[in-house]
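Observations on the three-dimensional arrangement
Residue-level listing of the chains:
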Amino acid sequence: VSAGIVLALLSTGCTRNPDPQPTGSAAPASPTSVASPDPGTAGPDALAAYRGMWQAYNAALSIPDPNHPDLVRYADGEALKLLTTGIQETKDEGLKGTGDAKLNPEVSSAAPVDAPTTVEISDCLDSTATKLVRASPGPPYSDSPGGLRRTTATVSWQPSGWKVTRFAVQEVGTC
Amino acid sequence: MLRWRSLVALALAIAVVSLGSVSAPAYADNFKPVGCNRKPKPPGCTVTVGKPGSGGGQNDGNGGDSDNGSGSDDGTWNGCAYEPAPGNPAPPAGKTPADGGWFVEVCLIGDGKGGPQTSAPMWIDGPAPTVDPAEIAQQAVAQLTLPRPGIKVNPDPPARQFVYFPTWVWLDGSSWASQSATASVPGLSVTAVAKPTKLVLSPGDGGKTVRCTGRGTAWTRGLDPDKKSPTCGHTYTRPGSFTLTATVTWQISWAGGGQTGTVPDLTTTASRSLTVTESQGLNTTTRG
């Protein structure tokens with residue numbers, strides 16, 4: 001057993017990158033060669049995955065394309081399933097999305113404390129500037145506006161990086 | 001080894017927060033296809049109740065303590081409850097159906113994703129173990145999510161209010177809709193319903209509070225600016241910055257297990273800053 005621990009420690013030591021991570025441009029939501037999440041950046045990385053997911057969703061919905069490649073970069077499990085189902089249904093109804101939402105997410109909790117692999121996020125998402133419209137010419141689909149929606153999401157560490165695995169977007173007017 | 005007292009505390013309670021009888025407006029934004037308005041409700045919209053008593057104020061009359069599988073530190077809950085054994089088996093030798101019954105113990109382990117674990121049937125003497133609906137009701141009430149009042153005002157800020165011109169106030173429909181939440185253990189489901197009953201405005205200028213009718217009346221374009229809201233509003237009589245506060249009172253009732261009950265009202269509140277100015281330009285004729 002002790003040999004295993006030593007090996008694990010050694011291998012951890014080898015794979016950890018001693019160089020400071022470049023900030024900014026690198027896509028933090030999908031690091032490719034790291035086997036475990038960096039505890040120091042779990043919060044920002046999870047938030048980046050959350051933002052990335054909605055960006056990918058709005059992009060996919062504007063086509064609409066349920067198989068948009070960016071969806072799997074930021075979402076997995078139930079979250080991914082819900083996104084693709086929602087986009088497929090929108091497509092089937094002859095509709096598409098327009099506009100982008102304003103996000104203001106915060107980390108509400110992370111666990112385990114010293115090396116988070118699950119991060120909970122809460123947001124008051126503003127969908128005012130987004131709208132479902134007909135994908136082909138026709139009378140307006142609806143002029144009902146969006147608004148403030150209380151949103152929570154669970155972002156989990158996966159072998160392929162931080163992914164949103166579950167989310168709940170509450171009704172307009174809930175925050 | 002039956003832990004009778006644990007029955008009360010055992011809540012494999014799953015509470016589902018959903019809109020009640022009042023249907024929400026169909027907001028056709030980008031999030032309608034993936035929102036909690038979907039049927040069936042997306043999995044993330046289902047709230048799992050934490051350990052019993054987390055709703056606050058729960059009195060465990062049995063002095064329940066640590067031996068009955070309380071929730072673990074990460075918020076998951078190892079909960080069990082008894083339910084009648086399937087198939088209605090005959091009583092064991094020497095017992096009659098009046099003496100007791102066959103039950104299985106059903107437990108949810110950890111986050112419950114592994115599904116419920118069911119014990120072998122066991123004979124329990126005496127009346128069937130029951131869970132008090134009022135206990136479960138507290139779980140349901142604790143899971144109610146009441147929206148904060150979405151205050152709408154005309155003139156719509158950042159537009160300013162003018163002295164002596166009526167300010168109209170109303171709430172958006174989603175903050176004036178009944179809310180419900182359900183908590184359940186095997187064999188018993190209790191639903192709590194919150195109904196908005198009262199909207200009170202505090203105009204913030206020292207004036208008296210205003211008891212509105214319903215959620216107020218939405219301003220519509222083309223109305224005479226001299227006209228007061230028939231249901232909810234205030235007329236500021238001096239310029240300044242004021243904080244308008246709206247408070248909604250919710251009546252809470254619950255039903256389940258053949259019982260109904262009420263708990264004390266809850267309130268939600270929100271405020272908006274309003275700027276009131278003199279209505280310049282309207283009195284220019286006095287100077288001639």
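The rules we used
- Residues numbered from 1 in each chain as written.
- Chains lettered and ligands numbered in written order.
- Predicted model: local features only at pLDDT ≥ 70, side-chain atom pairs only at ≥ 80, totals over all residues.
- Heavy atoms only, no water.
- Helix = DSSP H or I, 4+ residues; strand = E, 2+ residues; numbered from the N terminus.
- Buried < 20%, exposed > 50% of the residue type's maximum accessible area, 1.4 Å probe, protein only.
- Contact = heavy atoms within 4.5 Å.
- Areas by Shrake-Rupley, 256 points an atom, 1.4 Å probe, with all protein chains shown as cover.
- Pairing = 2+ DSSP bridges.
- Core = buried A, V, L, I, M, F, W, Y, C linked by side-chain atoms within 4.5 Å.
- Salt bridge = Lys/Arg side-chain N within 4 Å of Asp/Glu carboxyl O.

Scanning chain A from terminus to terminus reveals four helices and six strands. Order of helices (α) and strands (β) in chain A, N terminus to C terminus: α-α-α-α-β-β-β-β-β-β. The 175 residues of chain A split such that 39% are buried. Long-range pairs, those at least 24 residues apart, make up 63% of the contacts in chain A with a sequence separation of at least 6. In the structure as shown, chain A presents an accessible area of about 9,300 Å², 57% of it carried by carbon and sulfur atoms.

Here we come to the pairing of strand β9 (residues 166–171) of chain B. All names here are of chain B. Taking burial as the measure, the six residues of β9 include six buried ones, the bulk of the element. Of the two faces of β9, both are covered, the one formed by Pro166, Trp168 and Trp170 as well as the one formed by Thr167, Val169 and Leu171. Sheet topology places β9 next to strand β13 (residues 233–235); three bridges connect them, and they run antiparallel. When the sheet's bridge partners are listed, Pro166 is paired in β13 with Thr235.

So, on to the pairing of strand β10 (residues 179–185) of chain B. A regular strand carries its side chains on alternate faces of the sheet. Residue and element names in this part refer to chain B. Burial analysis of β10 places five of its seven residues in the buried class, the great majority of the element. In this sheet, strand β11 (residues 188–202) lies alongside β10 in antiparallel orientation, the contact comprising seven bridges. Bridge pairing links Gln179 to Ala194 in β11.

With that out of the way, let us pick up the nonpolar core. All names here are of chain B. In terms of nonpolar packing, the biggest core is built from 35 residues, with Leu144, Ile151, Leu171, Leu199, Leu201 and Leu244 touching the most fellow members. When contributions to this core are tallied by element, the ones reaching two or more residues are α2 (133–142), β7 (151–154), β9, β10, β11, β14 (240–256) and β15 (259–277). It is β14 that contributes the most residues to this core, seven residues altogether. With near-sequence residues (within four places) excluded, Leu244 lies in contact with Ile151, Val153, Val169, Leu201, Ser202, Pro203, Tyr236, Ala270, Ser271, Arg272 and Leu274.

A pair can form between side chains of opposite charge whenever their charged atoms are brought close. Residues and elements named next belong to chain A. Following the criterion strictly, the structure yields four salt bridges over all chains and no others. When the shortest N-O distance is used, the salt bridge between Asp70 and Arg73 registers 3.7 Å. Of the two residues, Asp70 and Arg73 both sit in helix α3 (residues 69–74), three residues apart, roughly one turn of that helix. Note that Glu78 and Arg166 form a salt bridge whose closest N and O atoms lie 2.7 Å from each other.

Everything listed here is a matter of coordinates, which is why it stays silent on function.
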